[in-house]
Amino acid sequence: MKGNGEATGVNGASEVSGGKTLLFDAVLEPHRSLSRSGFFAVILVIGIITLGFGIFFIVMGAWPVFGFLGLDLFLLWLAIKLNARALKIVERIRLTADEVVVTRHGPRGGESWSFNPYWLTIAVNEQPTGKGDIRLSSHGFSLSLGAYLQPAERREVADALRKALADMGRIS
């Protein structure tokens, strides 16, 4: 499963540590539209343009403008870096015969949740604006996943997880 939101998964049995058979494994990541080299190219081009305007204003006698142009370049760099940091999130859904384990690793660390596959409910919440999420619920607890995925990708991941749960004999 691939797309704008980078949902990759493997279905079919494979071995994991502890002797458990992995029945489903999906890794969800946000799409990063600007690579590291693209980031440097954007900052370099904007920097050259800013430097040109800055020299023009210094020659015209408006030297304080040069500092504000430098501040604009710094704020652009900072905004792109903070956006890239916010996109460093990885969500993983793993299904074995005993449990569904969801792990989320982001800029602030990692978290993990475990669900009983026989009690798990999977819902795809979508809004007209295109925003939404995949919601895993069990025993009064609900977990939201994949809010950064495109609607078709959310449905694809949810359908694949539902199919894996049905294939293991869970009543759906």
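This text follows the structure it describes.
Predicted model only: the values in this text are computed from it and were never measured.

**Student:** Honestly, the sheet that holds strand E7 (residues 132–138) in this entry has me stumped. Any pointers?
**Tutor:** Strands pair in a sheet through their backbones, by hydrogen bonds, and they do so in one of two ways: parallel or antiparallel. Taken together, the three strands give an open sheet; going across it, the order is E6-E7-E8, and neighbouring strands pair in antiparallel fashion. Bordering the open sheet on either side are strand E6 (121–126) and strand E8 (141–145), each of which pairs with just one other strand. In this sheet, neighbouring strand axes are inclined to one another by 25° on average, regardless of whether the strands run parallel or antiparallel. Looking at chain direction, E7 and E8 are connected through five bridges and run antiparallel. Its bridge partner being in E8, Ser138 is matched across the sheet by Phe141.

**Student:** Help me out: how do you make sense of unusual backbone geometry in this one?
**Tutor:** The general pattern is negative phi for most residues beyond glycine and trans for most peptide bonds. In the Ramachandran plot, His139 falls in the positive-phi region, its phi being about 55° despite a non-glycine side chain. Here His139 shows up in the loop between E7 and E8. Under the relative-accessibility criterion, His139 is labelled exposed at 63%.

**Student:** I would appreciate a short explanation of the nonpolar core in the present structure.
**Tutor:** Residues Ile93, Val102 and Leu136 are the most contacted members of the largest nonpolar core, which totals 23 residues. When residues in this core are grouped by element, the largest group, six residues, is from helix H3 (residues 151–167). Apart from the residues lying within four places of it in its own chain, the contact partners of Val102 are Arg92, Ile93, Glu111, Ser112, Trp113, Phe115, Leu136, Leu143 and Leu145.

**Student:** Honestly, the pairing of strand E4 (residues 100–106) in this entry has me stumped. Any pointers?
**Tutor:** Successive residues of a regular strand alternate their side chains across the two faces of the sheet. Here six bridges tie strand E3 (residues 90–96) to E4, and the two strands are oriented antiparallel to one another. Residue pairing in the sheet places Ile93 in a bridge with Val102 of E4. Counting the residues that bridge the hairpin from E3 to E4 gives three residues. With seven bridges connecting them, E4 and strand E5 (residues 109–115) associate as antiparallel partners. The residue of E5 that forms the bridge with Gly106 is Gly109. Counting the residues in the hairpin turn of E4 and E5 gives two residues.

**Student:** Looking at this model, I keep getting lost on a nonpolar patch on the surface. Mind explaining?
**Tutor:** Taken together, the side chains of Phe68, Leu71, Phe74, Leu75, Trp77, Leu78 and Leu82 make up a nonpolar region of the molecular surface, amounting to roughly 670 Å² of accessible area. Residue class for Leu75 comes out partly exposed when judged on its relative accessible area of 43%.

Conventions we followed
Residues numbered from 1 in each chain as written. Predicted model: local features only at pLDDT ≥ 70, side-chain atom pairs only at ≥ 80, totals over all residues. Heavy atoms only, no water. Pairing = 2+ DSSP bridges. Helix = DSSP H or I, 4+ residues; strand = E, 2+ residues; numbered from the N terminus. Axes fitted to C-alpha atoms, helices over the stretch in contact; angles between N-to-C directions. Buried < 20%, exposed > 50% of the residue type's maximum accessible area, 1.4 Å probe, protein only. Core = buried A, V, L, I, M, F, W, Y, C linked by side-chain atoms within 4.5 Å. Contact = heavy atoms within 4.5 Å. Patch = residues over 30% accessible without salt bridge, like charges linked within 9 Å, V, L, I, M, F, W, Y side chains within 5 Å. Areas by Shrake-Rupley, 256 points an atom, 1.4 Å probe, with all protein chains shown as cover. Salt bridge = Lys/Arg side-chain N within 4 Å of Asp/Glu carboxyl O.

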